[in-house]
Amino acid sequence: MSQHKNTKKLVVAMPREARQISKTGVYHVMWRGSAGQDIFHDDVDRIKYLEILLKYKDNTNIEIYGWCLMSNHVHILLREGDETLSATMKRIGISYVAYYNWKYQVRGHLFQDRFKSENVETISYLMTVVRYIHQNPVKAGLIDEVANWKWSSCDEYYGGRVYPRGLLNDDFILKYFSDNQEISRNHFREFNERPNQDACLDEPIYKRRCSDEEARIEIQKILREIPIPQLKTLPRESRNELLREIKQIDGLSLRQAARILGVSASLVSKV
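Below: a short report on this structure.

Conventions used here
Once a new chain begins, its residue numbering starts again from 1 and follows that chain's sequence as written. Given that the model is predicted, a residue must reach a pLDDT of at least 70 before its local features are reported, and side-chain atom pairs must reach 80 or more before they are shown or counted; all residues, however, enter totals for whole chains, interfaces and linings. With hydrogens and water excluded, all non-hydrogen atoms of the structure serve as input to the side-chain values. A carboxyl oxygen of Asp or Glu within 4 Å of a side-chain nitrogen of Lys or Arg is what we treat as a salt bridge. A run of H or I in DSSP becomes a helix once it reaches four residues, and a run of E becomes a strand once it reaches two; helices and strands are each numbered from the N terminus. Categorising residues by exposure relies on relative accessible area from a 1.4 Å probe, with only protein chains included: less than 20% of the type maximum marks a residue as buried, more than 50% marks it as exposed, and the intermediate range marks it as partly exposed. The disulfide definition used here is simple: a pair of cysteine sulfur atoms within 2.5 Å. Axes, fitted as lines to C-alpha atoms, cover a helix only where it is in contact. Angles between the N-to-C directions of the axes lie from 0 to 180 degrees. Angle categories: roughly parallel below 35 degrees, roughly antiparallel above 145, roughly perpendicular from 65 to 115, and oblique for all the rest. Left-handed describes a crossing in which the near helix is turned anticlockwise from the far one by less than a right angle; the clockwise case is right-handed. Only heavy atoms matter for contacts: two residues are in contact if any of them lie within 4.5 Å across the pair. Residue type decides the class: Asp, Glu, Lys and Arg count as charged, Ala, Val, Leu, Ile, Met, Phe, Trp, Tyr, Cys and Pro as nonpolar, and the leftover types, Gly among them, as polar. For two strands to be treated as a pair, DSSP must find at least two bridges joining them. In protein, a polar contact requires one atom able to donate a hydrogen and another able to accept it; more generally it is a pair of N or O atoms within 3.5 Å, and residues adjacent in sequence count only if both atoms are side-chain atoms. Helices are assigned an expected span. That span is 1.5 Å times one less than the residue count. Note that the arc is defined by the directions from the helix axis to the C-beta atoms.

Topic: the pattern of salt bridges
Counted under the stated rule, the structure contains 12 salt bridges. Across the pair Arg79 and Glu63 runs a salt bridge, and its minimum N-O distance is 3.9 Å. Here the residue Arg79 occupies a position in strand E3 (residues 73–79), and Glu63 occupies one in strand E2 (residues 63–69), the gap between them amounting to 16 residues. Owing to a relative accessible area of 22%, Arg79 belongs among the partly exposed residues under this scheme.

See the structure below:
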């Protein structure tokens, strides 16, 4: 009699690659919205995120050397404090997600499951990363000059005031340009605005956001004979089906879509 053994296919989950520990304790961190969704819909959201960042800067003694808040992702240049980078970022993420879900009455993932990070081991790369972070909005086609982006640390490096006070440690980088603060800021500005092909964290060149006029044209193609203002009056199932198509328009943000369609950002996000 032949014997038959019960065999089961063994599925082995590949473990996540462990983060390499920076010898300097300095990291460039980038965290995106889940599936590319916007994580900031208005200035209140951005202010709240920066306040949370300041809270955990004080609580965990991290040092922050630069940041930039885009619509669907965040860049931060920082040095670890009293706990691991992962622990600190988890605290920041949990706090912001709790606020976001409460405000927009949504559930589920907001950020990608795992933030990306890279070690910053040299002075040269430290400078490259802070410039890369500040030039994000320029390379995305949102502004022409880095100083015009309100939601980055750039203006404070230039001697201006950014919110919240006490978040940025600009002396750490400025000291490498000159001991004289005025000279240092001028030299930093020249470096910070220098054209470059920097590609930190292997990030691709950003696609330009489509303008409101371009967005309306693409939305109307999807709606066909239905006028844009009438979308929100359609039956729920029909409305949501069209919203799902509209969300796929290249270069269209959720906030932009909500504004043009006259509906809430949370509705666009949830469908």
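After that view of the structure, there is still more to cover.
Structural notes on the state of the cysteines
One pass over the full model with this rule turns up zero disulfides. Cys68 provides the cysteine sulfur closest to Cys154, a residue in no disulfide bond, and the two sulfurs are 9.3 Å apart. Free cysteine Cys200: the closest other cysteine sulfur is in Cys68, separated by 13 Å.

Details of the packing of helix H8 (residues 212–223) against helix H9 (residues 236–246)
Where H8 contacts H9, the axes come no closer than 10 Å and their chain directions differ by 140 degrees. Comparing their axes, H9 and H8 come out oblique. In this structure, H8 crosses over H9, and the sense of that crossing is right-handed. Across the interface between the two elements, Ile219, Ile222 and Leu223 from H8 touch Leu242, Glu245 and Ile246 from H9. Considered class by class, the residues forming the contact of H8 with H9 number five nonpolar, no polar and one charged.

Things to note about the sheet that holds strand E1 (residues 26–32)
Within the open sheet, the four strands sit side by side as E2-E3-E1-E4. Their pairing is antiparallel. Single-partner strands in this sheet number two, and they are E2 and strand E4 (116–119). Direction aside, the axes of adjacent strands within the sheet are offset by 15 degrees on average. With seven bridges connecting them, E1 and E3 associate as antiparallel partners. For Tyr27, the partnering residue across the bridge sits in E3 and is Leu78. Each of E1, E3 and E4 is contacted by helix H2 (residues 85–104), which is oriented at about 35 degrees to E1, the strand it contacts most. Packing against the sheet, helix H3 (residues 123–134) makes contact with E1, E2, E3 and E4, and its axis sits at approximately 155 degrees to E3.

Notes on the side chain of His73
Within the secondary structure, His73 sits in strand E3. A polar atom in the side chain of His73 sits 3.4 Å from the side chain of Arg32. Among the polar contacts made by the side chain of His73, one reaches the side chain of Asn72 at a distance of 2.9 Å.

Considering the pairing of E2
Of all the seven residues making up E2, six are buried; the element is thus mostly covered by neighbouring parts of the structure. Of the pairings in the sheet, the one linking E2 to E3 comprises six bridges and is antiparallel in character. Counterpart to Gly66 in the pairing with E3 is Leu77. Counting the residues between successive antiparallel strands, the hairpin from E2 to E3 contains three residues.

Remarks on the pairing of E1
Across the seven residues that make up E1, a large majority, seven, are buried. The alternating pattern of E1 places Val26, His28, Met30 and Arg32 and Tyr27, Val29 and Trp31 on opposite faces, both of which are buried. Where E1 lies against E4, four bridges are found, and the strand directions are antiparallel. Its bridge partner being in E4, Val29 is matched across the sheet by Ser117.

Focus on H8
End to end, H8 covers 16 Å across 12 residues, agreeing with the expected 16 Å (1.5 Å per residue, within 8%). The complete set of buried residues in H8 reads Ala215, Ile219, Ile222 and Leu223. With its buried residues spanning 90 degrees around the axis, H8 presents them on a single face. Among the exposed residues of H8, those oriented more than 90 degrees off its buried face are Glu213 and Lys221. Turning to H8, the residues buried within the fold contact H9 and helix H10 (254–261). Backbone geometry just downstream of H8 places Arg224 in the positive-phi region, at approximately 60 degrees.

By themselves, these are just geometric observations and shouldn't be taken as functional.
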